[in-house]
Amino acid sequence: MSYLLPHLHSGWAVDQSILSEEERLVVIRFGHDWDETCMQMDEVLAGVADTLKNYAVINLVDITEVPDFNTMYELYDPCTCMFFFRNKHIMIDLGTGNNNKINWAMTDKQEFIDICEVVFRGARKGRGLVVSPKDYSTKYRY
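Notes on the structure in this doc start here. Since the model is a prediction, treat every value here as computed from it, not as a measurement. (Residues numbered from 1 in each chain as written. Predicted model: local features only at pLDDT ≥ 70, side-chain atom pairs only at ≥ 80, totals over all residues. Heavy atoms only, no water.)

1. Structural notes on unusual backbone geometry
Apart from glycine, the bulk of residues carry a negative phi angle, and the bulk of peptide bonds sit in the trans form. The condition is simple: Here a helix means four or more residues in a row that DSSP labels H or I, a strand means two or more in a row labelled E, and each is numbered from the N terminus.
Unusually for a residue other than glycine, Arg-86 sits at a positive phi of about 50 degrees. Note on placement: Arg-86 falls in the loop between strand 4 (79-85) and strand 5 (88-93). The phi dihedral of Asn-87 is positive, around 65 degrees, even though this residue is not glycine. Following the sequence through the fold, Asn-87 ends up in the loop between strand 4 and strand 5.

Written out as structure tokens, the structure reads:
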């Protein structure tokens, strides 16, 4: 499903997509198109892209093609989703301890829409950290 979403092929293109968007949230999925986890996430992203088009733009970045951000954003997971608004990284408290990014594949489209909406509303008010509508701390039940 990744062919349905725009890809950014250089560090400069990633920077420009973050810098140039003034009114909408920039959602960037870092990972590989061939990775199974990313394929699941891409399916959700492609499914919600039309719904979110008024307040969010979604881009994909291959972390081997564009390794510029791997150490800066600690991109060690197979699939990572990050949010930016007006050239600022927006953190989200998901209850997992890592407030910088979503590092698993979301399977529910409505959950992702809710997260994007909360991030957008918080970012528009000037908040750098927003709280997720759902607590993901018990994602894995041990």
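Next, the rest of the story.
2. Structural notes on helix 2 (residues 36-52)
Put simply, the rule reads: The length a helix should cover is 1.5 Å for every residue beyond the first. Working definition for bend: take the seven residues up to and ending at a residue and the seven starting at it, fit an axis to each, and measure the angle between the axes. Relative accessibility thresholds used throughout: buried, under 20% of the residue-type maximum; exposed, over 50%; partly exposed, between the two (1.4 Å probe, protein chains only). In this description, contact between two residues means that some pair of their heavy atoms is separated by no more than 4.5 Å.
Taking 1.5 Å per residue, 17 residues should reach 24 Å; helix 2 reaches 24 Å between its end C-alpha atoms and fits that length. Of all the bends in helix 2, the greatest measures close to 25 degrees and is centred on Ala-46. The complete set of buried residues in helix 2 reads Cys-38, Met-41, Asp-42, Val-44, Leu-45, Ala-46, Val-48 and Leu-52. Structurally, helix 2 contributes buried residues whose contacts are with strand 2 (25-31), strand 3 (56-62), strand 4 and helix 3 (109-124).

3. Digging into the sheet that holds strand 6 (residues 129-131)
Stated precisely, the cut-off is as follows: Between any two strands, at least two bridges found by DSSP are needed for them to pair. Whenever a helix is involved, its axis is fitted only over the stretch in contact; in every case the axis is a line through C-alpha atoms, and angles between N-to-C directions fall within 0 to 180 degrees.
One open sheet holds the six strands; their spatial order is 1-3-2-4-5-6, and the pairing between them is mixed. Both edges of this open sheet fall to strand 1 (7-8) and strand 6, since each of them pairs with a single strand only. Judged from the six bridges that link them, strand 2 and strand 4 form a sheet pairing that is antiparallel. Opposite Val-27, over in strand 4, you have Phe-83 as the bridge partner. Helix 1 (residues 11-20) rests against strand 1, strand 2, strand 3 and strand 4 of the sheet, and its axis sits at about 155 degrees to strand 2. In the packing of helix 3 onto the sheet, contacts are made with strand 2, strand 4, strand 5 and strand 6, and the angle to strand 4 comes to roughly 30 degrees.

4. Quick notes on the nonpolar core
Condition: Residues belong to a common nonpolar core when they are buried Ala, Val, Leu, Ile, Met, Phe, Trp, Tyr or Cys residues joined through side-chain atoms within 4.5 Å.
Ranked by internal contacts, the top residues of the largest apolar core, which has 34 residues, are Leu-25, Val-27, Leu-52, Phe-83, Ile-102, Phe-112 and Ile-115. Among the secondary structure elements, those contributing two or more residues to this core are strand 2, helix 2, strand 3, strand 4, strand 5 and helix 3. Excluding residues that lie within four positions of it along the chain, Val-27 makes contacts with Ala-56, Val-57, Ile-58, Asn-59, Cys-81, Met-82, Phe-83, Phe-112 and Cys-116. Leu-8, Ile-28, Val-61 and Met-82 belong to the second largest nonpolar core, which has 15 residues in total.

5. Description of the packing of aromatic side chains
Just so we agree on the cut-off: We call Phe, Tyr and Trp rings a pair once their centres come within 6.5 Å, taking the six-membered ring for Trp, and we label the pair stacked below 30 degrees between planes, edge-to-face above 60, and tilted otherwise.
Considering all chains together, one arrives at eight aromatic pairs under this definition. Between Phe-69 and Tyr-73, the aromatic rings sit 5.9 Å apart at their centres with planes inclined by 10 degrees, giving stacked as the arrangement. For Phe-69, a relative accessible area of 6% corresponds to the buried category. Overall, Tyr-73 belongs to the buried group, its relative accessible area being 18%. Taking 5.2 Å as the distance between ring centres and 50 degrees as the angle between the ring planes, the aromatic pair formed by Trp-104 and Tyr-136 counts as tilted. A residue pair is termed long-range when its members are at least 10 positions apart, and Trp-104 in the loop between strand 5 and helix 3 and Tyr-136 in the segment after strand 6 qualify at 32 residues. Taken as a pair, Trp-104 and Tyr-136 share a single burial class, namely buried.

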